[in-house]
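# Structural characterization, general
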Amino acid sequence: MDPTSHQRHPASMALKRPPAGADPADARGAPRRQPARCRHALQTVPPAGATVRRMLAVLAVALGAVLGGPAAAQGDYPSKPIRVVVTFPPGGSTDVVVRMLVPRLNDRLGQQFIVDNRPGAGGNIGLSLVAKAPADGYTLGVGAAGALSANSSLYAQMPFDVQKDFQPVAMLAAIPFVLIGHPSVPARTLPELIALAKARPGTLSIAHGGNGTAMHLSAALLAQLAGLQLVEVPYKGSGPAAMDTLAGQVPLAVVDLPSALQQIQAGRLTAFAVTSPQRLPQLPQVPTVAEAGVPGYDSTGWFGMVAPAGMSAASVARLNAAINEALGDPQVRSSIRNLGVEPAPGTPEAFGRYIATETSKWSRVIRQANIRIE
């Protein structure tokens, strides 16, 4: 029966009502009717199937919000392109290594990693952008030892707090340095050079890649541990420092390996020692500073990836795994080592501990050497 028929024909319904006391089914053979109030009540109740479907839909939404929301969001990372702020100019070793990793990360994570070079202020400019970005994993930064460990002691004011504003993601690579000299320097080994410097205090100049750089701090650490008085000469980069040493403009320099390797191998520069804790495969005959007579010396440049503090642990772990996988690729490792750089995969936790250790170490060196950058 049409549930709205009583609304269309109220008069006919009144004529068909059976006499008092009679069975409603006896009236002209009409079927038994429900009271009007029951028919109205039935009209407001939807079909059972629709009710069940509506209840299931509401339940699914509620369960998704309570149980599946965060997990689904983490599992979907990344779901859009990722900006990687590199705190060095294009073409440098840090920039080149990052660009080597990008194609592997694109394939592994299914999104584009876009390199954004933001050099300046020892890395502070680029990392300040990262510190202010949302902690969703779509803005990352690649910083070096300066910005992530030394700058807090070098600069009177910093635009960020490394420990509070960043989440370590992954160490990327280590950059060993080499102590070189012009062939006119009357020394061929580090002990001979130390003896010469002590015999001529305050007269030997040593070039480096710029005030506050890891090369500058490497020279300062050598002077402190060996008890030397050297005249530091800052340059705008490792390359110019190596070139002026080759030309005889300065007698000594601390530079990165690519800047001097060919000239060392050709015999046009003297390599006294490497600053890393182990010898380098490119210069197996050159000792470390520590084994050549300065125990406890260890100064290695490095760089790694950080995110704004608060990035989810699941997203950090996913990104770290992809980076370590890329660094472990034989072709990538070979290409990185050809730059004079050593791949350094590891966990976010290990990278965070390393940053803290380096910060404490360089704070002491900077304070003792009274190095400040205005």
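Keep in mind it's a predicted model, so treat the numbers as computed, not measured.

This paragraph deals with the packing of aromatic side chains. Given two aromatic rings, their pairing is described by the distance between the two centres and the angle made by the two planes. For the structure on display, the rule yields four aromatic pairs. Between Phe160 and Phe166, the ring centres sit 5.2 Å apart and the planes meet at 70°, which makes this aromatic pair edge-to-face. The burial state of Phe160 is the same as that of Phe166; both residues are buried. One aromatic cluster is present, formed by Trp302, Phe351 and Tyr354 through successive ring pairs. The ring of Tyr138 has Lys80 sitting right over it, with the charged end atom 4.8 Å from the ring centre.

Take the packing of helix H7 (residues 145-154) against helix H15 (residues 348-369) next. Their axes nearest at 8 Å, the elements H7 and H15 cross at an angle of 30°. Taken together, the axis directions place H7 and H15 in an arrangement best described as roughly parallel. Regarding H7 and H15, the two cross each other, and that crossing is right-handed. Residues Leu148, Ser149, Ala150, Ser152, Ser153 and Leu154 of H7 lie in contact with H15, whose contacting residues are Phe351, Ile355, Glu358, Thr359, Trp362, Ser363 and Ile366. Among the residues forming the contact of H7 with H15, the class breakdown is seven nonpolar, five polar and one charged.

Buried residues of helix H12 (residues 257-265): Leu257, Ala260, Leu261, Gln263 and Ile264, and no others. Looking at the buried side of H12, the elements it contacts are strand E4 (166-181), helix H11 (238-246), strand E7 (252-256) and strand E8 (270-274).

Moving on to the pairing of strand E2 (residues 113-117). Both faces of the sheet carry side chains from a regular strand, because those side chains alternate between them. Of all five residues in E2, four are buried; the element is thus mostly enclosed. In this structure, strand E1 (residues 82-86) lies alongside E2, joined through five bridges in parallel fashion. Looking at E2, one finds that Val84 is bridged to Val115. This β-α-β element, E1 to helix H5 (residues 93-109) to E2, shows right-handed connectivity.

Counting residues in hydrophobic clusters, the biggest one holds 71 residues, and the most contacted among them are Phe113, Leu190, Leu193, Phe303, Leu319 and Ile323. Element by element, the count of residues in this core is highest for helix H10 (residues 214-226), at eight residues. With sequence-adjacent residues up to four places away left out, Leu319 is seen in contact with Tyr77, Leu109, Phe113, Leu140, Val169, Met305 and Met311. Within the second largest apolar cluster, 19 residues are counted, among which are Ala241, Leu257, Ala260 and Ile264.

Of note, Ala145 is situated in helix H7. C-alpha separation for the pair Ala145 and Trp302, spaced 157 residues apart in sequence, amounts to 5.6 Å. Look past the residues within four positions of Ala145 in its chain and what remains in contact with it is Ala150 and Trp302.

Attention shifts here to the side chain of Asn117. Positionally, Asn117 belongs in strand E2. One polar contact links the side chain of Asn117 to the main-chain carbonyl oxygen of Phe88, over a distance of 2.9 Å. One polar contact links Asn117 to Asp95, side chain to side chain, over a distance of 2.9 Å. If sequence neighbours within four positions are ignored, Asn117 has contacts with Val86, Phe88, Pro89, Pro90, Asp95 and Arg99.

Close contact between H5 and helix H14 (residues 330-338) brings their axes to 10 Å; oriented N to C, the two are set at 170°. Judged on the interaxial angle alone, H14 and H5 are roughly antiparallel. The segment H5 lies against H14, with Val97, Met100, Leu101 and Arg104 engaging Gln331, Val332, Ser335 and Ile336.

The next point concerns the pairing of E7. With five of five residues buried, E7 is to be regarded as a mostly interior element. On E7, burial covers both faces: Leu252, Val254 and Asp256 on one face and Ala253 and Val255 on the other are all buried. Relative to E7, E4 runs antiparallel, the two being bridged by five bridges. Pairing of Val178 across the sheet is with Val255, part of E7.

With that settled, the discussion passes to the environment of Ile194. Looking at the secondary structure, you find Ile194 in helix H9 (residues 190-199). Overall, the relative accessible area of 12% leaves Ile194 in the buried class. Spatially, the C-alpha atoms of Ile194 and Gly227 are 8.8 Å apart, while their sequence positions differ by 33 residues. In this structure, Ile194 is in contact with Ala226, Leu228 and Val294, ignoring residues within four places of it in sequence.

Another aspect to go through is the confidence of the model for the protein. Within the protein, residue pLDDT values average 85, and 80% of them lie at 70 or more. Here residues 1-45 scores under 50 on pLDDT; set against residues more than four positions off or in separate chains, the count is 19 contacts. Taken together, the stretch residues 56-74 has pLDDT below 50 and engages in five contacts with residues farther than four places along the chain or on a different chain.

Turning next to the side chain of Thr245. For Thr245, the location among the structural elements is in helix H11. For Thr245, a relative accessible area of 0% corresponds to the buried category. If we skip the residues at most four places from it in the chain, Thr245 touches Ile180, Gly181, His182, Val250, Pro251, Leu252, Ala253 and Leu269.

Here is what the cut-offs are and how they apply
- Residues numbered from 1 in each chain as written.
- Predicted model: local features only at pLDDT ≥ 70, side-chain atom pairs only at ≥ 80, totals over all residues.
- Heavy atoms only, no water.
- Phe/Tyr/Trp six-rings, centres within 6.5 Å; stacked < 30°, edge-to-face > 60°.
- Buried < 20%, exposed > 50% of the residue type's maximum accessible area, 1.4 Å probe, protein only.
- Lys NZ or Arg CZ within 6 Å of the ring centre and 35° of its normal.
- Axes fitted to C-alpha atoms, helices over the stretch in contact; angles between N-to-C directions.
- Helix = DSSP H or I, 4+ residues; strand = E, 2+ residues; numbered from the N terminus.
- Parallel < 35°, antiparallel > 145°, perpendicular 65-115°, else oblique.
- Left-handed = near helix turned anticlockwise from the far one by under 90°.
- Contact = heavy atoms within 4.5 Å.
- Nonpolar A, V, L, I, M, F, W, Y, C, P; charged D, E, K, R; others polar.
- Pairing = 2+ DSSP bridges.
- Right-handed = clockwise from strand over helix to strand, strands pointing away.
- Core = buried A, V, L, I, M, F, W, Y, C linked by side-chain atoms within 4.5 Å.
- Polar contact = N/O pair within 3.5 Å; in protein donor to acceptor, adjacent residues only side chain to side chain.
- pLDDT = per-residue confidence, 0-100.

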